[in-house]
Amino acid sequence: MARGRSSFKMGTVEMLVLYLLEKKDLYGYQLTSLIREISGGDVDVQESTLYPTVYKLREKGYLSERDVIVGKRRLRVYYHLEDPGRERLAVLLDDYRQITRGIQRILECDTLPEEQGK
């Protein structure tokens, strides 16, 4: 995403993380890679944005984590979506869809309605 859209992106990272974790448990690098890949490169979430979001979600009880040893010494932290996270995702998706519909209506508006109370 372009720099001018960073505040919009920040507001959607939580939703994207929860959405992907609804599909399966993932670790941080997988999350950033999948977001970039599935969006066709239009959404690029850096680890410096991802991890504070994940930590916040974990603290609120939306996610849990488990450590998995990969190879001889490497440790990966997989994140798992908990039931409260599913509920939070449903709220975020409803809000997103409502806002998206409203924005789309505005962008499709050819003429402005007459002002009331003139």
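Treat the numbers as computed from the prediction; the structure is a model and nothing was measured.

A. Quick peek at the pairing of strand β3 (residues 74-81). Taken together, the two bridges between strand β1 (residues 26-27) and β3 define a ladder with antiparallel strand orientation. Bridge pairing links L26 to Y79 in β3. Strand direction decides the pairing type here: strand β2 (residues 63-70) and β3, joined by eight bridges, are antiparallel. Opposite R66, over in β3, you have Y78 as the bridge partner. Here β2 folds back onto β3, and the loop between the two strands holds three residues, one of which, G71, carries a positive phi near 75 degrees.

B. Inspection of the pattern of salt bridges at higher detail. Within the structure shown, the criterion is met by seven salt bridges. In this structure, the salt-bridge partner of R88 is E14, at a minimum N-O distance of 2.8 Å. Here R88, found in helix α4 (residues 83-107), pairs with E14, found in helix α1 (residues 6-23); they are 74 residues apart in sequence, far enough to count as distant. Note that D25 and R66 form a salt bridge whose closest N and O atoms lie 3.5 Å from each other. Linking D25 in the loop between α1 and β1 with R66 in strand β2, this pair joins segments that are 41 residues apart in sequence. We classify D25 as partly exposed; its relative accessible area is 21%. One network of salt bridges, in which partners are shared, links E14, K56 and R88.

C. Structural context of the sheet that holds β1. Read across the open sheet, the three strands follow the order β1-β3-β2; overall the sheet is antiparallel. With one partner strand each, in any of the chains shown, β1 and β2 form the two edges of the open sheet.

D. Focus on the packing of helix α2 (residues 28-38) against helix α3 (residues 47-59). Taken N-terminus to C-terminus, the directions of α2 and α3 make an angle of 120 degrees; their axes are 10 Å apart at the nearest point. Considered as vectors, α2 and α3 are oriented oblique to each other. When you trace α2 past α3, the crossing you get is right-handed. Mapping the contact onto sequence places G28, Y29, L31 and T32 in α2 and E47, L50, Y51 and V54 in α3. Split by residue class, the contact of α2 with α3 holds five nonpolar, two polar and one charged.

Rules used in this analysis
- Residues numbered from 1 in each chain as written.
- Predicted model: local features only at pLDDT ≥ 70, side-chain atom pairs only at ≥ 80, totals over all residues.
- Heavy atoms only, no water.
- Pairing = 2+ DSSP bridges.
- Helix = DSSP H or I, 4+ residues; strand = E, 2+ residues; numbered from the N terminus.
- Salt bridge = Lys/Arg side-chain N within 4 Å of Asp/Glu carboxyl O.
- Buried < 20%, exposed > 50% of the residue type's maximum accessible area, 1.4 Å probe, protein only.
- Axes fitted to C-alpha atoms, helices over the stretch in contact; angles between N-to-C directions.
- Parallel < 35°, antiparallel > 145°, perpendicular 65-115°, else oblique.
- Left-handed = near helix turned anticlockwise from the far one by under 90°.
- Contact = heavy atoms within 4.5 Å.
- Nonpolar A, V, L, I, M, F, W, Y, C, P; charged D, E, K, R; others polar.

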